[in-house]
Amino acid sequence: CTPGFVMSMYALLRSKKTKPTELEIEEALGGNLCRCTGYRPILEGFKTFARNAPDSAYSGETINGSADAAANGNGLNGLNGNGHAHLNGNGDAKVLDGKSSTTPICPSTGQPCTNGCGNTPAAKALGAAEDDPITAVREPIFPPELKRRVPQPLAIGGPIATWHRPTTLAGLLALKKAHPDARLVCGNTEVGVEVKFKNMKYPVIVAPTHVPELTEVTVDEDSLVLGASVTLTTLLTTCETLTLKLGPVSTSGLVAIKEQLRWFAGPQVRNVSSVGGNVCTASPISDLNPLWIACGATFE
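Position labels on residues start from 1 in each chain and follow its written sequence. For a predicted model such as this one, the threshold for reporting local features is a pLDDT of at least 70, and the threshold for listing and counting side-chain atom pairs is 80 or more; totals across whole chains, interfaces and linings nevertheless cover every residue. Each side-chain value is worked out from all heavy atoms of the structure, with water and hydrogens disregarded.

### What about the pattern of salt bridges?
Operational definition: Salt bridge, as used here, is a side-chain nitrogen of Lys or Arg placed within 4 Å of a carboxyl oxygen of Asp or Glu. Strands here mean DSSP runs of E at least two residues long; helices mean DSSP runs of H or I at least four residues long; both are numbered from the N terminus. Buried means the residue's accessible area, taken with a 1.4 Å probe over protein chains only, is under 20% of the maximum for its type, while exposed means over 50%, and partly exposed covers the values in between.
Inspection of the entire model under this criterion finds six salt bridges. With a shortest N-O distance of 3.6 Å, Arg183 and Glu194 are connected by a salt bridge. One end of the pair, Arg183, is in strand β5 (residues 183–184); the other, Glu194, is in helix α8 (residues 191–197), with eleven residues separating them in the sequence. Residue classification places Arg183 among the partly exposed positions, given a relative accessible area of 27%. Put simply, Glu259 and Arg262 hold a salt bridge, and the shortest N to O gap is 3.5 Å. One end of the pair is Glu259 and the other is Arg262, both in helix α10 (residues 252–262) and three residues apart, which spans about a single turn. Glu259 sits in the partly exposed class, given a relative accessible area of 34%. Residues participating in the shared-partner salt-bridge network are Glu22, Glu26 and Lys47.

Structure (structure tokens):
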């Protein structure tokens, strides 16, 4: 379970521009299971990353204490020669290489970074700042080329099934006409279980995840229109934004949906599960269908 917890926390820290709240940390770990350590010590350890945490991993006391310990060795003398670091009158770590510049503090260890990784052009391009110990050292960013890449229609054949990914509504309709029994799959959270545990066979699978008309969220004066491929994470974010903007009284239905989604699986599942998939699965224990009925939702 440890790698799962670590990667969930890593994803949260990498995706947020500011330090997360304790509630955000708890929700980010909602999809992880632990049978040995117990959740409390894990949460307590991760909550040191939270903003305003009493024992924050990035608090001034922690950083200064670590820098002081690293710079002064055993508290007797400042490092020099191979040590490279010492403290000046203001308590700032300095590099003894002939230059007097503030040393970035490594957020992983809390120690002064003297190997230069925090002062490289790449690190500075990522927003590394000598006066900000939290962003002084960062990992490589997600490749911009992949973010700018325009999705193309795909068709991948296999011994069991053929997987299609159209990028237009016309392409989706054409595939459905050519393969009437094709199964539409967004997150595969239901069909994957059917194939693996129920021996269901779906020779043609179509993923409508990149059809713009099905991923749109439209807010009118008196309605919220959701595409069938809108993920539950997007739905949750939309509900939070609208309830904050319009108030809970006029958005009571969205408040109920938002609260329900908090207990809907975990972030990893909500990131890929779709509104349409949850509806069409028609599970007798559906999380959202009772709320759609109570809200008077209509389906097209």
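### Comments concerning the packing of helix α1 (residues 2–15) against helix α3 (residues 39–46)
Helix packing for two helices is described by the angle between their axes and how far apart those axes are. Which entries qualify depends on this criterion: A fitted line through C-alpha atoms represents every axis, and for helices the fit uses only the stretch in contact; the resulting angles, taken between N-to-C directions, go from 0 to 180 degrees. Orientation categories follow fixed angle ranges, with anything under 35 degrees roughly parallel, anything over 145 roughly antiparallel, 65 to 115 roughly perpendicular, and all other angles oblique. A clockwise turn of the near helix away from the far one marks a right-handed crossing, whereas an anticlockwise turn of less than a right angle marks a left-handed crossing. Residues are treated as being in contact if the distance between any of their heavy atoms lies within 4.5 Å.
As a packed pair, α1 and α3 sit with axes 12 Å apart at the nearest point and diverge in direction by 30 degrees. On the basis of the axis angle, α1 is roughly parallel to α3. α1 and α3 meet at a crossing whose hand is right-handed. Seen from α1, the contacting residues are Phe5, Val6 and Met9; seen from α3, they are Tyr39, Ile42 and Phe46.

### A word on the sheet that holds strand β4 (residues 162–165)
Selection rule: Strand pairing is assigned whenever DSSP detects at least two bridges linking the two strands.
Taken in spatial order, the four strands of this open sheet run β3-β4-β6-β5, and their pairing is mixed. What marks the edges here is a single partner per strand, and that holds for β3 (154–156) and β5. Where β5 lies against strand β6 (residues 204–206), two bridges are found, and the strand directions are parallel. Residue pairing across strands places Arg183 opposite Ile205, the latter belonging to β6.

### Side note on the state of the cysteines
Convention followed: Two cysteine sulfurs form what is called a disulfide whenever their separation falls within 2.5 Å.
Counted according to the given criterion, the structure contains zero disulfides. Cysteine Cys36 remains unbridged, with the sulfur of Cys34 as its closest cysteine sulfur at 4.2 Å. There is no disulfide at Cys239, and the cysteine sulfur nearest it, in Cys295, is 9.0 Å away. A relative accessible area of 0% places Cys239 in the buried class.

### Topic: the packing of helix α9 (residues 232–246) against α10
Threshold: By the convention adopted, Pro, Cys, Tyr, Trp, Phe, Met, Ile, Leu, Val and Ala count as nonpolar, Lys, Arg, Asp and Glu as charged, and the other residues, Gly among them, as polar.
Look at α9 against α10: their axes get within 9 Å of each other, and the N-to-C directions meet at 135 degrees. As far as their axial angle goes, α10 and α9 are oblique. When the axes of α9 and α10 are compared, the crossing they make is left-handed. For the pair α9 and α10, the contacting residues are Leu232, Leu235, Leu236, Cys239, Glu240, Leu242 and Thr243 in the first and Leu254, Val255, Ile257, Lys258 and Leu261 in the second. Residues belonging to the contact of α9 with α10 are distributed by class as follows: nine nonpolar, one polar and two charged.

### Comments concerning the pairing of β4
Looking at chain direction, β3 and β4 are connected through three bridges and run antiparallel. In the sheet register, Leu154 faces β4, and the bridge partner there is Arg165. Here β3 folds back onto β4, and the loop between the two strands holds five residues. Inspection of the sheet shows β4 paired to β6 by three bridges, in the parallel sense. The residue bridging His164 from the neighbouring strand is Val206, located in β6.

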